[in-house]
Amino acid sequence: MATYFNEPSRTFSEYLLIPGYTSEDCIPANVSLKTPLVKFKKGEEPAITLNVPFASAIMQSVSNDTMAIALAKEGGISFIYGSQSVEDEAAMVSRVKNYKAGFVTSASNVMPDQTLADILELKERNGFSTVAVTEDGTANGKLVGIVSSRDYRVSRMDVSTKVCEFMTPLSKLVTAPGDTSLKEANDIIWDHKLNSLPIVDDDGKLMYFVFRKDYSEHKLNPNEILDEHKRYIVGAGINSRDYETRVPALVEAGADVLCIDSSEGYSCWQKKTLDFIRSRYGDTVKVGAGNVVDKDGFLFLAEAGADFVKVGIGGGSICITRETKGIGRGQASALIEVAAARDEYYEKTGIYIPVCSDGGLVHDYHMTLALAMGADFLMMGRYFARFDESPTAKLVVNGSYVKEYWGEGSNRARNWQRYDLGGQSKLSFEEGVDSYVTYAGPLHDNLEKSVYKIKSTMCNCGVTNLADLKRDAKLTLVSSVSIVEGGSHDVILKTSRTNN
């Protein structure tokens, strides 16, 4: 006979935190959000610790090298999406590991014989006003000039005008050699009153730009997460099909941690993938697995050798797995059970395996609820897709700025490996949708606000670190009526508002 769960499948919106005693020391400035990313033994420290409990999802529309660098600066981690060629994913990982803080690889590049129309199209696409002109139009080609907004006037020029006719040529540029330090570069910028400084190698090929506007950012990133060589930490997604070629390439590129990207992790395919990694690399390569929604799934992956376990099936804003297959569980119910299983496993074995809550986070306060329910860190897609640093285009739809956001199970992504059950190499039906999300601006500003909300709520609960929040948090179920009571009601709002 089938097994039935007596409790309903619950979401984060069905819970509230009960305040605890707040002491004088319990202020946001004293709250630490440090959290383990990978498993560790009792009495030891994890190999990788996050300074904020955030990971960007393994999705085409969320996590590329640009997002990875931006999130690492804030203390979190991105997992570069794996639904691309092995070579392209490894190249993204390599760009993150080779990134020098303050030294920016040119994102907008043209050849001298291209036109003003090309410059305008580039600016519309990515918003950058500085365009490198190189012989071959690549970011590392031989530099021949630069185009900035002061080099042209659309109202006075034909859009067919060639770039070489209005660019600032190399002969009039101030450049610096490849061994220039960040301090030296900033001194040159200020001494010559420049907006940007091209860094070129001995052959005259462009290496990086250093920008005046980034000066204050370069001075201080207190939460940035770095490896032993002072490079940004980055993760990468893998699948249970081509892992024998993908994993070595990503390890060679410098990925700090891998994650098996699958809609359902309680499978022989995940064990085979973990077995391959452990047999070839031992414990030197860190790899997370998932997704699961109950104790059995967690224990299976824990015994298979996962360094962290992801929780959640069907709760993402673009996921329709529950609709199409009837598989999944409310994210709060799944997280509560898996977190309890993790704690039991820790008491029994002395090995702590972090739990990642993936999906189901609609509002900022859901983040704190998830952490209180036992999540060590949170993986989010929609949240990060809204920001400048996500890889999708910023568009205007119905008078509002939006960014594109699509699921890995959509026809657009066609990431069949994520939903693979050992059958044909294709996406048989959709488990995700193609959509827009409201554009929200730069990652830093938004993440700073979300972090402050979490810290403030933790102070209301009387705790200043995540371990104490898990131990001391008091949560209550809420009725549908109390949910209405908890928002603004019986008034006419002067402006619309949002809480995420």
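These notes cover the structure that comes with them.

Rules of the game
- Residues numbered from 1 in each chain as written.
- Predicted model: local features only at pLDDT ≥ 70, side-chain atom pairs only at ≥ 80, totals over all residues.
- Heavy atoms only, no water.
- Helix = DSSP H or I, 4+ residues; strand = E, 2+ residues; numbered from the N terminus.
- Rg over C-alpha atoms; globule rule 2.2 N^0.38 Å.
- Buried < 20%, exposed > 50% of the residue type's maximum accessible area, 1.4 Å probe, protein only.
- Contact = heavy atoms within 4.5 Å.
- Areas by Shrake-Rupley, 256 points an atom, 1.4 Å probe, with all protein chains shown as cover.
- Lys, Arg positive; Asp, Glu negative; His and termini not counted.
- Charge placed at Lys NZ, Arg CZ, Asp CG, Glu CD.
- Core = buried A, V, L, I, M, F, W, Y, C linked by side-chain atoms within 4.5 Å.
- Pairing = 2+ DSSP bridges.
- Axes fitted to C-alpha atoms, helices over the stretch in contact; angles between N-to-C directions.

Now for the overall build of the protein chain. Within the protein chain one finds 16 helices and 24 strands. A compact globule built from 500 residues would reach a C-alpha radius of gyration of about 23 Å, and the protein chain, at 24 Å, matches this within 12%. Along the three orthogonal principal directions, the C-alpha set of the protein chain runs to about 80 × 60 × 45 Å. Looking at the 500 residues of the protein chain, the share that counts as buried comes to 51%. Sequence separation of 24 or more characterises 65% of the internal contacts of the protein chain that already satisfy a separation of 6 or more. By element, 50% of the accessible surface of the protein chain is carried by carbon and sulfur atoms, the whole surface being about 24000 Å². Positive and negative side-chain charges of the protein chain, numbering 55 and 66 respectively, have mean locations separated by a distance of 2 Å.

Among the nonpolar cores identified, the biggest contains 104 residues, and Phe54, Phe79, Leu258, Phe298, Phe384 and Leu469 are the most heavily contacted of them. Residues in contact with Leu469, not counting those within four places in the same chain, are Thr368, Leu371, Ala372, Met458, Cys461 and Val463.

This paragraph deals with the sheet that holds strand E21 (residues 394-397). Across the sheet, three strands lie side by side as E21-E22-E23; this open sheet has antiparallel pairing. The outermost strands of the open sheet, each flanked by one partner alone, are E21 and strand E23 (434-438). Ignoring strand direction, the axes of neighbouring strands in this sheet form an average angle of 50°. The sheet contact formed by E21 and strand E22 (residues 400-406) spans four bridges and is antiparallel. Residue Val397 lies in a different strand from E22, and its bridge partner there is Ser400.

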